[in-house]
Amino acid sequence: MNWNEHLLLWNEANVKLLDIRHQLVVQGDVLRGYKLPSNAFLWVTSGRGRVMLDGTGYAIDGFHLLHGAKGMSLDVIPSGDRLEYDLIMYKVLLAFPGNRYLERMLKRSSPFHIQYGFTPHAPLALQSKFELMEQSWRNHTLLDKLYAKGVLYQFVHELLGQMAGQELGEIRADLVSQATRYMETSYSEAFTFEGLAELLGCSSSYLSRLFKRQLGITPNEYLIQVRVEHASRLLTKTNASLQEISSSIGYLDVYYFSRMFKKQTGVSPLRFRSLAAEKPVQKSPFNSSGQAIVPRAGRSYNDNYSHYEKEGDLTMSKEMKLSVTAVMLLCMTLLFSGCGAATGSNEPSAAAGSPAAVVQEQLQTKLVKHMMGESEVPNNPQRIAVNGLEDIMLALDAPMVHAQSMKGQYLYDTLQAKNIPSVYTPDGINYESILDSKPDLIIANLLPTDTESYKQLSKIAPTIVYDRSDWQTSIAAIGKAIGREEKAQSIIHDYQEKLSKAKEAIVAKIGADRTLAFIRPSKQDVQLFFPAFSYTSIAYKDLGLTLEPMLANLMSKEEEGAWGIESSLETLPDLTADYLFVTVGGSFDSEDEAKDALEEMSVVEDLNVWKSIPAVKQGHVYKMSSRHWMLNGPTADSMKINDVLAAFDLQ
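Residues numbered from 1 in each chain as written. Predicted model: local features only at pLDDT ≥ 70, side-chain atom pairs only at ≥ 80, totals over all residues. Heavy atoms only, no water.

Participant: Help me get a handle on the overall build of the protein, residues and values and all.
Facilitator: From N to C terminus, the protein includes 27 helices and 19 strands. In the protein, which comprises 651 residues, the share counted as buried stands at 51%. The long-range fraction of contacts in the protein, counting pairs at least 24 apart against all pairs at least 6 apart in sequence, stands at 74%. If you sum the accessible surface of the protein, you get close to 29300 Å²; carbon and sulfur atoms cover 52% of it. (Helix = DSSP H or I, 4+ residues; strand = E, 2+ residues; numbered from the N terminus. Buried < 20%, exposed > 50% of the residue type's maximum accessible area, 1.4 Å probe, protein only. Contact = heavy atoms within 4.5 Å. Areas by Shrake-Rupley, 256 points an atom, 1.4 Å probe, with all protein chains shown as cover.)

Shown next, in the form of structure tokens:
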């Protein structure tokens with residue numbers, strides 16, 4: 001900052017004081033993306049937190065002054081009990097008729113259009129000027145406003161003097177501010193916190209400690225808050241579907257998104273939308289001087305609801321990105337591969353098993369169509385990394401070098417017995433572990449809109465993408481892609497034969513018109529699944545059980561293809577189903593989470609509303625494990641068939 005030019009332009013300025021607005025932000029309230037309607041000084045007088053101006057973050061602890069220009073984006077996030085500040089809004093009128101020197105200076109270094117911030121060494125001097133200015137401004141008389149305008153010049157004189165004396169200007173953002181700004185602008189993308197920390201020049205543990213100290217939460221918790229906040233805005237401001245919203249904020253699976261949303265807010269996304277629709281639309285937070293600029297949205301839906309999470313956790317979502325180290329390793333791999341692949345007509349042929357021979361073998365490729373387009377893949381892949389399609393790949397006996405699973409999940413023991421490395425990263429794809437597995441092909445389950453994850457995976461190895469919910473179509477395509485087409489057709493044939501025999505046995509045993517309700521209850525409410533729900537549709541669509549009448553009526557009122565609804569426990573006695581299938585928890589719950597879910601179910605079973613369900617009275621209640629019922633694949637669906645047969649004493 002050129003102080004002489006800065007001071008000269010302020011001397012030439014005709015300043016109009018527009019408003020002074022006092023703000024008190026308590027913990028839990030957040031202002032994001034507010035566009036400054038004019039140039040402004042932000043004078044923080046107490047509290048801790050962060051203030052972001054157009055992407056630059058400032059760690060606040062007590063007195064702090066920032067300057068921003070009209071149109072800049074302002075975020076305010078308290079980390080303590082409160083953060084108190086004032087906005088001093090002003091407008092500058094400049095006239096330099098014929099003075100080209102001042103005109104060039106204004107274009108080069110306008111003090112009114114730049115952003116800066118600093119911690120004053122004598123804050124009380126600034127505070128005394130500010131109090132005089134504010135007091136006069138509040139009196140509203142023309143004489144008082146003229147005096148307030150004069151004090152504004154004194155305020156500017158004091159702050160510029162302190163800044164020049166301290167030789168401070170535009171302050172470098174602290175690490176937490178840089179990290180949070182990255183999350184706030186890249187929340188829909190995939191990245192690792194290790195990679196983010198490396199970009200910031202620190203360790204992930206150090207960055208985590210800084211988050212804890214400044215914000216009181218972990219980086220992952222902050223990212224979840226950002227995503228849920230954006231989802232809340234989309235739920236209230238748009239008619240986008242839950243699938244669209246989930247994908248846009250970085251969660252691949254809508255049911256996992258629902259689980260995270262409810263954990264943060266206390267209500268499901270659909271319930272949040274309905275509650276928001278019942279409230280009048282809030283006016284702009286800056287309509288008047290005394291109006292708070294921070295909406296109280298957090299309290300409007302959070303305080304009166306418990307934080308039970310039960311939306312299900314299905315396909316892992318994208319929450320990670322290649323770290324700098326991983327990217328460098330990838331680049332080196334590609335570089336060396338390029339060197340090894342250099343050819344010359346006079347060179348001898350490569351020996352079998354040598355690096356050159358491997359390269360030559362990999363050059364024997366074919367073009368494969370999949371959900372994300374077309375990819376050139378090896379004819380005979382020997383090192384396949386799998387993400388979300390492990391059930392299919394195990395059935396095909398494919399050569400896997402990486403899988404996604406965790407202890408307790410239904411495929412975990414099989415993967416361990418086959419010595420297939422299994423990595424489970426909550427809410428994300430572990431790109432670094434996939435890279436470390438040195439795959440020659442990646443097969444993943446992604447949403448068609450998840451192009452970012454596809455791009456990241458494709459940087460590691462050729463990647464093909466398929467839908468797990470329609471596993472029979474997917475296994476046929478994958479079998480063809482990796483040279484196991486006959487095996488895939490055999491699996492489909494055997495499964496269809498098992499399904500047909502099971503349906504015949506069930507109809508023979510209980511009849512063709514017996515009704516079923518498939519539910520997932522909690523202490524607060526219950527999920528009621530419709531036949532369109534890909535994880536429980538086998539009971540309705542494939543095995544021929546009839547949807548319970550009340551659920552059929554509810555389904556007719558929902559959009560086509562809806563997975564189901566959430567309802568209060570008071571509706572349970574209205575279920576007239578002959579049979580009740582019940583699941584609790586999620587497919588990738590930890591052991592503690594699974595235990596908690598079972599304990600919660602035992603509480604539900606003691607309720608009178610539960611005991612009043614006709615199927616409960618008749619002893620026609622069957623518990624199904626979410627470990628495989630909340631996923632799809634030849635093994636999972638075969639296990640589901642076995643569960644239904646066992647429920648009707650047909651095994």
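Participant: So what's going on with the packing of aromatic side chains? Residues and values would help.
Facilitator: Inspection of every chain in the model, using the stated rule, returns 23 aromatic pairs. Considering the side-chain rings of Phe-581 and Tyr-622, the 6.0 Å spacing of their centres and the 80 degrees angle between planes classify their relative orientation as edge-to-face. You can see Phe-581 sitting in strand S18 (residues 579-582) and its partner Tyr-622 sitting in strand S19 (residues 621-623), a full 41 residues away along the chain. Accessibility expressed as a relative area gives 0% for Phe-581, which makes it buried. On the basis of relative accessible area, Tyr-622 is assigned to the buried category, the value being 18%. Grouped by ring-pair contacts, the aromatic residues Phe-518, Phe-529, Phe-533, Tyr-535, Trp-563, Tyr-579, Phe-581, Tyr-622, Trp-629 and Phe-648 constitute a single cluster. Against the face of Trp-137 rests Lys-145, its NZ or CZ located 3.4 Å from the ring centre. (Phe/Tyr/Trp six-rings, centres within 6.5 Å; stacked < 30°, edge-to-face > 60°. Lys NZ or Arg CZ within 6 Å of the ring centre and 35° of its normal.)

Participant: Lay out the sheet that holds strand S11 (residues 400-402) in plain terms, naming residues and giving numbers.
Facilitator: A sheet is described by the order of its strands in space; here four strands give the open sequence S11-S10-S12-S13, paired in parallel fashion. This sheet does not close on itself; its edge strands, each paired only once, are S11 and strand S13 (463-465). On average, each strand axis in the sheet is tilted by 30 degrees relative to the strand beside it, whichever way the strands run. Strand direction decides the pairing type here: strand S12 (residues 441-444) and S13, joined by three bridges, are parallel. In the sheet register, Ala-444 faces S13, and the bridge partner there is Val-465. (Pairing = 2+ DSSP bridges. Axes fitted to C-alpha atoms, helices over the stretch in contact; angles between N-to-C directions.)

Participant: Can you tell me about helix H23 (residues 591-605), naming the residues and giving the values?
Facilitator: Its 15 residues give H23 an end-to-end C-alpha distance of 21 Å, which sits within 8% of 21 Å, the value for a rise of 1.5 Å per residue. Listed as buried for H23 are Ala-597, Glu-600, Met-601 and Val-604. Axial view of H23: buried residues confined to an arc of 105 degrees, hence all on one face. Relative to its buried face, H23 has exposed residues pointing more than 90 degrees away, namely Asp-592, Lys-595 and Leu-598. The elements touched by buried residues of H23 are strand S14 (515-521), S18, helix H24 (608-611) and S19. (Expected span 1.5 Å × (residues − 1). Arc of directions from axis to C-beta.)

Participant: I'd like to hear about the nonpolar core, residue by residue, with values.
Facilitator: Ranked by size, the top nonpolar core spans 119 residues in total, and within it Met-393, Ile-443, Ile-482, Ile-519 and Phe-581 carry the most contacts. Contact partners of Phe-581, with chain neighbours within four places excluded, come to Leu-516, Ala-517, Phe-518, Ile-519, Ala-539, Leu-545, Tyr-622, Met-624, Val-644, Ala-647 and Phe-648. (Core = buried A, V, L, I, M, F, W, Y, C linked by side-chain atoms within 4.5 Å.)

Participant: For helix H20 (residues 485-510), give the residues involved together with the corresponding values.
Facilitator: Its 26 residues place the ends of H20 38 Å apart at the C-alpha level, agreeing with the 38 Å of an ideal helix rising 1.5 Å per residue. Those residues of H20 that fall on the buried side of the exposure criterion are Ala-488, Ile-491, Ile-492, Tyr-495, Leu-499, Ala-502, Ile-506 and Ile-510. Buried residues in H20 make contact with helix H15 (390-395), helix H19 (471-481), helix H21 (537-542), S18 and helix H27 (634-647). Looking one or two places after H20, you find Gly-511, whose phi comes out positive at around 95 degrees.

Participant: Would you mind going over the pattern of salt bridges in detail, with residue names and values included?
Facilitator: The full count for this structure, using the stated rule, is ten salt bridges. Between Glu-497 and Lys-501 there is a salt bridge, with its nearest N and O atoms 3.5 Å apart. Linking Glu-497 with Lys-501, this pair stays in helix H20, spanning four residues, or about one helical turn. Lys-640 is the salt-bridge partner of Asp-637, the closest N and O atoms lying 3.2 Å from each other. Of this pair, Asp-637 and Lys-640 are both found in helix H27, three residues apart, which corresponds to roughly one turn of the helix. Each member of the pair, Asp-637 as well as Lys-640, carries the same accessibility label: buried. (Salt bridge = Lys/Arg side-chain N within 4 Å of Asp/Glu carboxyl O.)

Participant: How would you explain the environment of Tyr-255 if you had to name every residue and give the values?
Facilitator: With respect to the element layout, Tyr-255 can be found in helix H10 (residues 254-265). For Tyr-255, a relative accessible area of 12% corresponds to the buried category.

Participant: Can you tell me about the environment of Leu-66, naming the residues and giving the values?
Facilitator: One can find Leu-66 in strand S5 (residues 64-68). On the basis of relative accessible area, Leu-66 is assigned to the buried category, the value being 0%. Each C-alpha atom of the pair Leu-66 and Tyr-116 lies 5.7 Å from the other, and the pair is 50 residues apart in sequence. Among residues more than four places away in sequence, those in contact with Leu-66 are Ala-40, Phe-41, Leu-42, Val-51, Leu-53, Tyr-58, Ile-60, Tyr-116 and Gly-117.

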